[in-house]
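# Architecture at a glance
Letter by letter, the chains look like this.
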Amino acid sequence: MHTLVIVSHPHLAASRAHRRLHDAISGLSGVAVRHLEVLYPDGRIDAAAEQAAVLPATRIVFQFPFNWYSTPPMLKAWQDEVLAVGFAYGPGGTRMRGKQLQLVLTAGGARDSYRLGGHNQFEVVELLKPLLATAHFVGMSVLPPLVLYHVPNVPGIPVPADVDARIDAFARHYRDLLAAAPVSAAALQA
Ligand SMILES: Cc1cc2nc3c(=O)[nH]c(=O)nc-3n(C[C@H](O)[C@H](O)[C@H](O)COP(=O)(O)O)c2cc1C
């Protein structure tokens, strides 16, 4: 296994985008997928099992819908539990070093709303800084985030007419990205 995908979506059954992203990458060779809300319906993460899943991966993907400019709560809990002292940082905490982090997220807001003066005021990459800082802290390198904008799935919010076509195109791109083995950290720096 070269890629571990941590999926966090509070209601995957009601999802329009993530269900299709999940389907697109399921069964890819070298890719393991763990959906936190399915694995842990009681919300209690098995840190040892998650750490064991992390160890063989060279690339770790966080796949999630933007929820109040952040990750859903289970993905935050995953970071709190799995990136523990002695594993990810502190004395002997070297196990995340050299791995790559790929963020794959969907947002209800349109791309143009994520700018100074726009409806969401900040660019997505600015809002992702806590995740990027966490990756840096534990010695991971960060790949450019993949963002699918303008896919609202909230009752009462209008759905853009082209949403299905855009989700399908994004899902194909995502699958192709994961099907390719991760580029080495040295090549990324070159
Ligand atoms: C609680 C909640 C918070 C949300 N926060 C944001 C947000 O901060 N920015 C944004 O663009 N969309 C936000 N959305 C919209 C979701 O990101 C969007 O519905 C989701 O990415 C669609 O994916 P899905 O079809 O897989 O559910 C939020 C939705 C919910 C339910």
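That block above? That's the structure.
Residues numbered from 1 in each chain as written. Predicted model: local features only at pLDDT ≥ 70, side-chain atom pairs only at ≥ 80, totals over all residues. Heavy atoms only, no water.

Phe62, Phe64, Phe66, Trp78 and Met96 are the most contacted members of the largest nonpolar core, which totals 34 residues. Broken down by secondary-structure element, the contributors of at least two residues to this core are strand S1 (3-7), helix H3 (47-54), strand S3 (59-65), helix H4 (73-82), strand S4 (100-106), helix H5 (124-127) and helix H6 (129-137). The next biggest cluster of nonpolar side chains, apart from the first, holds 19 residues, and it includes Val5, Ala17, Val104 and Ile167. (Core = buried A, V, L, I, M, F, W, Y, C linked by side-chain atoms within 4.5 Å. Buried < 20%, exposed > 50% of the residue type's maximum accessible area, 1.4 Å probe, protein only. Helix = DSSP H or I, 4+ residues; strand = E, 2+ residues; numbered from the N terminus.)

Scanning all chains against the criterion turns up seven aromatic pairs. Measuring from ring centre to ring centre gives 6.1 Å for phenylalanine 66 and tyrosine 69, while their planes differ by 90°; the resulting arrangement is edge-to-face. Pairing tryptophan 68 with tyrosine 69 gives two aromatic rings, centres 6.5 Å apart and planes at 65°, and the pair type is edge-to-face. By relative accessible area, tryptophan 68 is classed as exposed at 79%. Here a set of aromatic residues connected by ring pairs shows up, and it is made of Phe66, Trp68, Tyr69, Tyr114 and Tyr149. (Phe/Tyr/Trp six-rings, centres within 6.5 Å; stacked < 30°, edge-to-face > 60°.)

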